[in-house]
Amino acid sequence: MFKKALILFSCLFLLSGCSLLADSGTKKELMEQMDKMMDHHDKNMGLQRQMIDDYNNANQIGNNISQAINQGTTMSPDQYNQLMSALDKANTDLSTYKKEVDALLAKIPTVESKANEIKNEETKSRATKYLDGFKKATQSQVEYINNFQNLINSFREAYVTINKGQDPNISQYDEYSKKEGELVDNFNKEIDAFNADWKILNEKDFNREVKNNISF
């Protein structure tokens, strides 16, 4: 009886220590879930870069066509088909990227629930802060994807109009291009923020160092 009471007293006196002990299994599970989430994020950034590379390839084809037109020639059927194929590839990339971002967003609530099981308030606060920043950055990708879809569509429409022998209205294309730059700048700031929180969480609560995460 006395021994049991002494153990209880020790837990009350060293509350944070007891909560850390109780959290050990939960923290291990949380760390594993977060690692998978970060791997998924890195995969998405690879998909995004592939999409941008393929779009830039289409953009270069379009620039070559425009330069030739400015020099007095016309767009050949082969050039037009090559451009449309390149844009189709960028569109396919974009669809894959969107699917994976949506899948990542669907994973976050489960990880948030696991973080809420943590008893130690400081650990829970750091985990929650990181997850809030991670979710914000992932949600920002949805806006980026929607804008990029508009960018591809307006680029395509411009060259469809040119192929008809008409002058295109590129005001929408210019608008989406400008917005893309703004979204990229904002997203990079959000990635920097959650990377900093991820580093602190790992060092203080997971007892490890982490590599710098991949961004734009």
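Above this text is the structure in question.
Cut-offs applied
- The numbers attached to residues start from 1 for each chain and follow its sequence in the written order.
- Residue-level local features of this predicted model are given only where pLDDT is at least 70; pairs of side-chain atoms are given and counted only at 80 or more, and the full residue set underlies all totals for whole chains, interfaces and linings.
- Values reported for side chains reflect all heavy atoms of the structure, with hydrogen atoms and water molecules removed beforehand.
- Salt bridges are identified by distance alone: a Lys or Arg side-chain nitrogen within 4 Å of an Asp or Glu carboxyl oxygen.
- Put simply, DSSP marks the helices as runs of H or I at least four residues long and the strands as runs of E at least two long, and each gets a number from the N terminus on.
- In this scheme, a residue with accessible area under 20% of its type's maximum is buried, one over 50% is exposed, and one in between is partly exposed, where area comes from a 1.4 Å probe on protein chains only.
- Between the first and last residue of a helix there are one fewer steps than residues, each counted as 1.5 Å, and that sum is the expected span.
- In protein, a polar contact requires one atom able to donate a hydrogen and another able to accept it; more generally it is a pair of N or O atoms within 3.5 Å, and residues adjacent in sequence count only if both atoms are side-chain atoms.

Time to look at the pattern of salt bridges. Applying the stated rule across the entire model yields 13 salt bridges. In this structure, Glu 32 engages Lys 28 in a salt bridge whose closest nitrogen and oxygen atoms are separated by 2.7 Å. Of this pair, Glu 32 and Lys 28 both sit in helix H2 (residues 15-70), separated by four residues, roughly a single helical turn. A salt bridge links Glu 203 to Lys 199; the shortest N-O distance between them is 2.6 Å. Here Glu 203 and its partner Lys 199 are both found in helix H5 (residues 171-205), four residues apart, which amounts to about one turn of the helix. A relative accessible area of 38% places Glu 203 in the partly exposed class.

Attention shifts here to helix H4 (residues 121-163). Since the α-helix advances by 3.6 residues per turn, residues separated by three or four positions end up pointing in the same direction. In this model, H4 (43 residues) spans 63 Å end to end at C-alpha, consistent with the 63 Å of a helix rising 1.5 Å per residue. Sitting at the head of H4, Asn 120 places a side-chain oxygen 3.2 Å from the backbone nitrogen of Glu 122. Looking one or two residues past H4, Gly 165 carries a phi angle of roughly 80°, positive in sign.

These results come straight from atomic positions and should not be treated as a statement about function.
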